[in-house]
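Residue-level structural notes
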Amino acid sequence: MSRTDNAWYGHLKNLATSPWYIAALVSWGIALFEYLLQVPANRIGAQELNLAQLKIMQEAITLAVFVPFAIFYMQQPLKLDYLWAALCILGAVYFIFRA
């Protein structure tokens, strides 16, 4: 499970009875760890990829992690819309990397 998914959405399940500011502090703490990894990863990636490629790749990875998180951890029903979203992202990946 992605730390970001847990940071931004996990509190809906895990901290539902806590005050919002506790959920915010816990979520920000979790997300900080990811950003400490993401910034150097983007700097390394920028040596080979352009900004648009980095962003589209980030969105593709996010969707690949979020859908299983939503289905298995948050117990959300599997929807056909997830397939359509995935196909749109795959199309974006194709177009941004084809040149």
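Bear in mind that the values here come from a model prediction, so they are computed numbers and not experimental data. (Residues numbered from 1 in each chain as written. Predicted model: local features only at pLDDT ≥ 70, side-chain atom pairs only at ≥ 80, totals over all residues. Heavy atoms only, no water.)

**Details of the overall build of the chain**
Helix and strand counts for the chain come out as four helices and zero strands. The order of α-helices and β-strands along the chain, N terminus first, is α-α-α-α. Here the C-alpha coordinates of the chain stretch approximately 50 × 35 × 15 Å along the principal axes. Scored against the burial criterion, the 99 residues of the chain give a buried share of 20%. Roughly 7300 Å² of accessible area belongs to the chain as shown, and the carbon and sulfur atoms make up 69% of that amount. One way to put it: in the chain the 6 positive side-chain charges average out to a point 2 Å from where the 5 negative ones average out. (Helix = DSSP H or I, 4+ residues; strand = E, 2+ residues; numbered from the N terminus. Buried < 20%, exposed > 50% of the residue type's maximum accessible area, 1.4 Å probe, protein only. Areas by Shrake-Rupley, 256 points an atom, 1.4 Å probe, with all protein chains shown as cover. Lys, Arg positive; Asp, Glu negative; His and termini not counted. Charge placed at Lys NZ, Arg CZ, Asp CG, Glu CD.)

**Considerations on the packing of aromatic side chains**
Summed over the entire model, instances satisfying the criterion amount to four aromatic pairs. Consider the rings of Trp 20 and Tyr 21, whose centres lie 6.1 Å apart with planes at 85°: the pair is edge-to-face. Where Phe 69 meets Tyr 73, the ring centres are 5.4 Å apart and the plane angle is 25°; that geometry is what we call stacked. Of this pair, Phe 69 and Tyr 73 both sit in helix α3 (residues 51-73), separated by four residues, roughly a single helical turn. Residue Tyr 73 is classed as partly exposed on the basis of its relative accessible area, which comes to 25%. Of the aromatic side chains, those joined through ring pairs into one cluster are Phe 66, Phe 69 and Tyr 73. (Phe/Tyr/Trp six-rings, centres within 6.5 Å; stacked < 30°, edge-to-face > 60°.)

**What to know about unusual backbone geometry**
Within the chain, Gln 75 stands out as a residue other than glycine whose phi angle is a positive 60°. Within the element layout of this structure, Gln 75 appears in the loop between α3 and α4 (80-97). On the basis of relative accessibility, which here comes to 57%, the residue Gln 75 falls in the exposed class.

**What to know about the environment of Ala 60**
In this fold, Ala 60 is placed in helix α3. Residue Ala 60 is classed as partly exposed on the basis of its relative accessible area, which comes to 23%. Counting along the chain gives 26 residues from Ala 60 to Ala 86, while the straight-line C-alpha distance between them is 7.9 Å. Ala 60 has contacts with Ile 89 and Val 93, leaving out every residue within four places of it along the chain. (Contact = heavy atoms within 4.5 Å.)

**Focus: the pattern of salt bridges**
Applying the stated criterion across every chain yields a total of one salt bridge. Across the salt bridge formed by Lys 55 and Glu 59, the nearest N and O atoms sit 2.9 Å from each other. Taken together, the positions of Lys 55 and Glu 59, both in helix α3 and four residues apart, correspond to about one turn of that helix. (Salt bridge = Lys/Arg side-chain N within 4 Å of Asp/Glu carboxyl O.)

**Side note on the UniProt feature "transmembrane region" (unreviewed entry) in the chain**
The positions UniProt marks with the feature "transmembrane region" (unreviewed entry) are residues 20-37, 57-74 and 80-97. Taken end to end, residues 57-74 has its terminal C-alpha atoms 24 Å apart, with 94% of it in helix and 0% in strand. (UniProt positions renumbered as here; feature names shortened; annotations may be inferred.)

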